[in-house]
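# Observations on the three-dimensional arrangement
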Amino acid sequence: MTIEELFCVFVFSELWMMKGQIEEQNGTIDDVRQAYNEGLKKCPTSIPLWILLSRVEEKARLVIRARALLERARLRNPGCPDLWLEAIRLENRAILKANAQSLMAKALQECPLSGILWAEAIFLEPRNSRKSKSTDALKKVEHDQHVLLAAAKLLWSERKLDKAREWFKRTVNIAEDFGDAWAYFYKFELLHGSEEQKNQVMRKCLAAEPRHGELWCSISKDIKNWRLKTEDLLPMVAAGASIPT
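Keep in mind that this is a model prediction, so the values were computed, not measured.

So, about helix H10 (residues 161-174). Taking 1.5 Å of rise per residue, the 14 residues of H10 would be expected to cover 20 Å, and the 20 Å separating its terminal C-alpha atoms lies within 8% of that figure. Those residues of H10 lying buried are Ala164, Arg165, Trp167, Phe168, Thr171 and Val172. Take H10 and look down its axis: the buried residues cluster within an arc of 165°, on one side only. Every exposed residue of H10 that faces more than 90 degrees away from the buried side is listed here: Asp162, Lys163 and Asn173.

Encoded structure:
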């Protein structure tokens, strides 16, 4: 695919995602389905559109249909960690952990250097196996921002607060643009740090102006939040970040 074709896919898929969001606010589930399906006819390589459509079906409690959509998406877009991740999370949300673990094994075979998959794999493990899995992840993708953040969250869950803080710092130093890391770090300091430590994270985040991250973009790209700035977004994303357990 040429650069021009990639640009067209990106622009058109963004427009179809916006249409789907508007329909979710104002229309029926059939209107939302139609928007995303029409978008996929035009942009079959748009990973976000496949994921959004599968979530519509999941929300309608049609897990089998959502699963089938993600399988079609992976056939159409092989080697895509985001599609594997969504499929794994779908099984987890359906409380089908064995399915999730089986998919994870296949995903890591197909995408062995995917940080987002390794990060997810850590917390798929039973509590007493997570440290070992995090070691495996760090060996595979030592400097990946998702794995570094997962390591920080793991230390937080183990109440190793000083070590967790150091790993949060390491993550945002390596990936200043990674909004999710800033949000988790800010939440961590809200709960366990001093006022100055919390304010320091805010100041550094404002200087970094992050633009990426799954959680970050779920808030920053929401139509109703289009006017918000970093100082508004950080507390909102942090509020939605779950405390690791």
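Within the secondary structure layout, Asn77 lies in the loop between helix H4 (63-76) and helix H5 (81-93). Among the polar contacts listed, one links the side chain of Asn77 to the backbone oxygen of Pro44, at a separation of 3.5 Å.

Attention now moves to the side chain of Thr230. Turning to its location among the elements, Thr230 is positioned in helix H14 (residues 230-240). You can call Thr230 buried: its relative accessible area is 10%.

Side chains of Leu15, Met18, Ile22 and Ile223 sit close together on the surface and give an oily, nonpolar patch of about 320 Å² of accessible area. Here Leu15 shows up in helix H1 (residues 3-26).

Cut-offs used in this document
Residues numbered from 1 in each chain as written. Predicted model: local features only at pLDDT ≥ 70, side-chain atom pairs only at ≥ 80, totals over all residues. Heavy atoms only, no water. Helix = DSSP H or I, 4+ residues; strand = E, 2+ residues; numbered from the N terminus. Expected span 1.5 Å × (residues − 1). Buried < 20%, exposed > 50% of the residue type's maximum accessible area, 1.4 Å probe, protein only. Arc of directions from axis to C-beta. Polar contact = N/O pair within 3.5 Å; in protein donor to acceptor, adjacent residues only side chain to side chain. Patch = residues over 30% accessible without salt bridge, like charges linked within 9 Å, V, L, I, M, F, W, Y side chains within 5 Å. Areas by Shrake-Rupley, 256 points an atom, 1.4 Å probe, with all protein chains shown as cover. Salt bridge = Lys/Arg side-chain N within 4 Å of Asp/Glu carboxyl O.

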